[in-house]
Amino acid sequence: GEHGAKGVGRAVLTWESHRPLLAPPAAPPGVEAVALTVRRLRDCIRRDPPLGTLLRPVSGAAEWHQLLALEGTVFGMQGTPASARHLQWTRGDRRARTGSGQGVQLGAFQGARLVGAASLLHDDRMGRFQSVCVAEGARDQGIGGALVSALARWSRDVGGLSRVLISAERGGSADRLYAALGFSR
């Protein structure tokens, strides 16, 4: 209901539980239920980006526009004015939070082209990864792992966060990546 006015055409109920075997609640009609695994950062394994890929904060209108396009493509939210409005709304909030010091939006650049991105938003107590994504043509090169690893180091060394969480669809490729990087269930 909260997102209906934004014109989103697909409703998904995501379920996070600290008890991995707890089943998600029944989804209402027309809503897809997706079980997520929540993982906590313990000690992230360092992964460096591949040669020719530079990790740095996303800055300026042109790079934030590239981020919108990348996430729209990766998350299947492009092609309609409603999905564009939804992305602008959510990414606008993220841009405001990172601009006010409540997070970091990291990009993976090959030249001037954004090929991957991940963000870490936080409050005084806890940080949470958001929207880790890599362009289809740049996958399987270690970019996603390098982004997560760099933000994990930032959370500890700069952010001073004692608790950092990440979630992904249970048993999916992202969930397996986070486990391999050292995130515990």
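Here we summarise the structure given alongside this text. Keep in mind it's a predicted model, so treat the numbers as computed, not measured.

## Observations regarding the side chain of E71
With respect to the element layout, E71 can be found in helix α1 (residues 60-74). A relative accessible area of 0% means that E71 is categorised as buried. Within the local environment of E71, its side chain forms a polar contact with the side chain of R94, the two groups lying 3.0 Å apart. In this structure, E71 is in contact with G76, R91, R94, S131 and C133, ignoring residues within four places of it in sequence.

## Some words on the packing of aromatic side chains
A complete count under the given rule lists two aromatic pairs for this structure. Ring geometry for F129 versus F183: centroids 5.7 Å apart, planes at 75°, classification edge-to-face. Pair noted here: F129 is in strand β6 (residues 126-134) and F183 is in strand β8 (residues 183-184), with a separation of 54 residues, a long-range link. With respect to class, F129 is no different from F183; both count as buried. If you follow R56 out to its NZ or CZ, it ends over the ring of F109, 3.9 Å from the centre.

## Observations concerning unusual backbone geometry
With a phi angle near 50°, S131 is a residue other than glycine that sits in the positive phi range. Structurally, S131 is set in strand β6. Its identity is not glycine, yet D140 carries a phi of approximately 65°, on the positive side. Along the chain, D140 turns up in the loop between β6 and α3 (143-157).

## Observations concerning the pairing of strand β2 (residues 31-41)
Direction of pairing for β2 relative to strand β7 (residues 163-169): antiparallel, over a ladder of five bridges. Paired with R39 across the two strands is I166, which belongs to β7. Where β2 and β8 come together, two bridges link them in antiparallel fashion. The residue of β8 that forms the bridge with R40 is S184.

Rules and cut-offs
Residues numbered from 1 in each chain as written. Predicted model: local features only at pLDDT ≥ 70, side-chain atom pairs only at ≥ 80, totals over all residues. Heavy atoms only, no water. Helix = DSSP H or I, 4+ residues; strand = E, 2+ residues; numbered from the N terminus. Buried < 20%, exposed > 50% of the residue type's maximum accessible area, 1.4 Å probe, protein only. Polar contact = N/O pair within 3.5 Å; in protein donor to acceptor, adjacent residues only side chain to side chain. Contact = heavy atoms within 4.5 Å. Phe/Tyr/Trp six-rings, centres within 6.5 Å; stacked < 30°, edge-to-face > 60°. Lys NZ or Arg CZ within 6 Å of the ring centre and 35° of its normal. Pairing = 2+ DSSP bridges.

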